[in-house]
Amino acid sequence: MVVKVYKTAEEIGKAAAAMYAAQVIKKPDSVLGFATGSTPIPTYKSIIELYNEGVIDFSQVTTFNLDEYSGLDGTHDQSYRYFMMQNLFNHINVRKDAINIINGNSGDDEKACKEYEERINKAGGIDLQILGIGNNGHIAFNEPADYFPNETHTVKLTESTIEANKRFFNSADEVPKYALTMGIGSIMRARSIILIATGSAKAQAIYDSVKGNITPNCPASVLQLHNDVTFLVDEAAAAKL
Ligand code: GLP
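Structure report, in brief. (Residues numbered from 1 in each chain as written. Predicted model: local features only at pLDDT ≥ 70, side-chain atom pairs only at ≥ 80, totals over all residues. Heavy atoms only, no water.)

**Here's the deal with the site of the ligand**
In the vicinity of the ligand there are 14 residues, among which Ser38, Thr39, Asp67, Arg167 and Lys202 approach most closely. In this structure, Ala140 approaches the ligand through a main-chain N or O atom, which is 3.3 Å from a nitrogen atom. Take Lys202: an N or O atom from its side chain is 2.6 Å from an oxygen atom of the ligand. Protein chains bury 94% of the 400 Å² of accessible surface belonging to the ligand in isolation. Taken together, the residues that form the shell around the ligand break down as four nonpolar, seven polar and three charged. (Near = heavy atom within 4 Å. Polar contact = N/O pair within 3.5 Å; in protein donor to acceptor, adjacent residues only side chain to side chain. Areas by Shrake-Rupley, 256 points an atom, 1.4 Å probe, with all protein chains shown as cover. Nonpolar A, V, L, I, M, F, W, Y, C, P; charged D, E, K, R; others polar.)

Given below as structure tokens:
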């Protein structure tokens, strides 16, 4: 595990984008994992800049996103599909049929999860996966639990996550109560992982993930067992290290 500390969110975005550029240069048909949340936005801005400068060509890549809310159509402005189209995919030359985001509105979440895991495997697994982190140490929507869930599955969101994510909705009542998420195994099978975090609200989760025991009470702590993981954090998120 490598931990790098930066002064600004913009610098983290540039560093993470450079890792995506390096990955696609090394392997033009890479399988890239993407995340939502506010933390990756500067990364996506930098990736778009690199694309506009002709540094990255996404024409051969396949993408997988970590998670999606249950019950929201991909056209809903708070769905993660909508977020990804607006913040990244509409601005780069990724093929639309190479974009994979779990369908949270199929009416059969279990089946959607199973199919998604199969699609990741069929694509040969993920080469490079970016992660944000929840204030409670969750990665994707793998909430603190008694065990590490392996494959893509449905989850009931915790009050803490609903509280943190309500800022994007009109009220906490509108935040979906369930989500579909890649499992800890799906994430750990990615060949390289970047975790990004900014701000003091993430300081405890970063401490627990890097220095704490490996426990499903802090899902991100499992990353200590991965052989290619880089944390890019700002000083506030690194404050307890
Ligand atoms: C959501 C997402 C996570 C993300 C987390 C943190 O719960 N499912 O993938 O890491 O929020 O979001 P933010 O970056 O906005 O703090």
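**Examining the nonpolar core**
For soluble globular proteins, the rule of thumb is that nonpolar side chains tend to be buried together. Counting residues in hydrophobic clusters, the biggest one holds 65 residues, and the most contacted among them are Phe89 and Leu195. Top contributing element to this core by residue count: helix α1 (residues 9-26), with seven residues. Apart from residues lying up to four places away in sequence, Leu195 is in contact with Leu131, Gly132, Ile133, Ile139, Ile206, Ala220, Leu223, Thr230, Phe231 and Leu232. Within the second largest apolar cluster, 10 residues are counted, among which are Tyr69, Phe141, Val155 and Leu157. (Core = buried A, V, L, I, M, F, W, Y, C linked by side-chain atoms within 4.5 Å. Buried < 20%, exposed > 50% of the residue type's maximum accessible area, 1.4 Å probe, protein only. Helix = DSSP H or I, 4+ residues; strand = E, 2+ residues; numbered from the N terminus. Contact = heavy atoms within 4.5 Å.)

**Details of the side chain of Thr152**
Counting through the fold element by element, Thr152 comes out in the loop between β6 (128-131) and β7 (153-156). A polar side-chain atom of Thr152 sits 2.6 Å from a polar atom in the side chain of Glu117. With residues near it in sequence (within four places) discarded, Thr152 still touches Ile102, Cys113, Tyr116, Glu117, Ile120, Thr181, Met182, Gly183 and Ser186.

**Let's talk about the pattern of salt bridges**
On inspection of all chains with the given rule, the structure shows nine salt bridges. Among the salt bridges present, the one from Lys14 reaches Glu10, with a minimum N-O distance of 3.6 Å. On the criterion of helical spacing, the pair formed by Lys14 and Glu10 is a turn pair, its members being four residues apart in helix α1. For Asp97, the salt bridge goes to Arg95, with nearest N and O atoms at 2.7 Å. (Salt bridge = Lys/Arg side-chain N within 4 Å of Asp/Glu carboxyl O.)

**A short note on the sheet that holds strand β4 (residues 67-69)**
Note: strands within a sheet are paired through backbone hydrogen bonds, in either parallel or antiparallel orientation. If you trace the three strands from one edge of the open sheet to the other, you get β4-β8-β7, paired in antiparallel fashion. The sheet terminates laterally at β4 and β7, the two strands that pair on one side only. Each neighbouring strand pair of the sheet contributes to a mean axis angle of 25°, computed without reference to strand direction. Strands β7 and β8 (178-181) of the sheet are contacted by helix α4 (residues 109-122), whose axis makes an angle of about 130° with β7. (Pairing = 2+ DSSP bridges. Axes fitted to C-alpha atoms, helices over the stretch in contact; angles between N-to-C directions.)

**Focus on α1**
Between the first and last C-alpha of α1 there are 26 Å, a value that for 18 residues agrees with the 26 Å anticipated at 1.5 Å per step. Those residues of α1 that fall on the buried side of the exposure criterion are Ile12, Gly13, Ala15, Ala16, Ala17, Tyr20, Ala21, Gln23 and Val24. Considering only its buried residues, α1 is in contact with β1 (2-6), β2 (31-34), α2 (41-52), β6, β9 (192-197) and β10 (229-234). (Expected span 1.5 Å × (residues − 1).)

**Details of the sheet that holds β9**
With respect to topology, seven strands assemble into an open sheet ordered β1-β10-β9-β6-β2-β3-β5, the strand pairing being parallel. The open sheet has two edge strands, β1 and β5 (99-100), and neither has a second partner. Contacting β1, β2, β6, β9 and β10, α1 runs over the sheet at an angle of about 155° to β10.

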